[in-house]
Amino acid sequence: MAYWSMDRVVWIYLSTVSAVAFVLNWAWEMAQMPGYAEMAGRPWSETLWRCTMAAGGDVAVTLGVYGVGAMAAGCMRWGQRGSWNAYAAAAVMGAVAAAAIEWQALGAGKWSYNDRMPIVPLLDVGLWPLLQLSMLIPMAMLMARALVSMRASASH
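Here goes a summary of the coordinates provided. (Residues numbered from 1 in each chain as written. Predicted model: local features only at pLDDT ≥ 70, side-chain atom pairs only at ≥ 80, totals over all residues. Heavy atoms only, no water.)

1. Describing helix α2 (residues 44–73)
Taking 1.5 Å of rise per residue, 30 residues should cover 44 Å, and α2 covers 41 Å from first to last C-alpha, within 8% of that figure. Of all the bends found along α2, the most pronounced is centred on R50 and spans about 25 degrees. Close packing links the buried residues of α2 with α1 (8–32), α3 (84–108) and α4 (127–154). (Helix = DSSP H or I, 4+ residues; strand = E, 2+ residues; numbered from the N terminus. Expected span 1.5 Å × (residues − 1). Bend = angle between axes of the 7 residues up to and from the residue. Contact = heavy atoms within 4.5 Å.)

2. Points about the nonpolar core
Core analysis: the largest hydrophobic core is formed by 24 residues, its most contacted members being Y13, Y66, W78, I137 and M141. Those elements giving two or more residues to this core turn out to be α1, α2, α3 and α4. By size, the runner-up hydrophobic cluster in this structure holds eight residues, among which are M33, Y36, Y113 and V125. (Core = buried A, V, L, I, M, F, W, Y, C linked by side-chain atoms within 4.5 Å. Buried < 20%, exposed > 50% of the residue type's maximum accessible area, 1.4 Å probe, protein only.)

3. Concerning α4
In this model, α4 (28 residues) spans 40 Å end to end at C-alpha, consistent with the 40 Å of a helix rising 1.5 Å per residue. Those residues of α4 lying buried are P129, L130, Q132, L133, S134, L136, I137, P138, A140, M141, A144 and V148. Buried positions along α4 lie against α1, α2, α3, β1 (119–120) and β2 (125–126).

Written as C-alpha cells, this is what we have:
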C-alpha cells in the first residue's frame, strides 16, 4: 500500500502539473479558435469563457492520463522520474484522448472545423487539437518536474 501513498511531494507535483497544464492549454485553446467554424472571427473576449472552460477540461484529461500512467506503472511518481518512456506514453495517451474527444464532439455537433483547421487523414480530426494534448500533456509533466525540483532545491 505504501507504493501508492500520496505523499506531499506527489500532491505538489500534481498541483503543479494542473497549473502548468491549465496555462499551456488555455493559450493553445485561444490560438486555435480561428480553426473552429463557431468561433472564427470572434473577438478574444467572446472566446475567453469557452477557452477557459476547455482548458479546465484539458487539465482533467491531463490528470486522467497521469492516473492511467500511474496505474500502469504501479507508482504515483511515474511522471516525476523524467524518463523518456513516461513522456512518450503520455503523448500517445494524449493523442488517443484528443481523437476520442474530437470524434465525440464532431459527431454530436458540438463544434465543426473551417478551412483554417488542417485535418489529419484517416483519423478525420483536426491537427491542432490532436497536437495539443499529445504535446502539452508531456510538456506539463516535464515543466512541473522542473518547477518542483527547483522549489525543492531552493528550500534546502
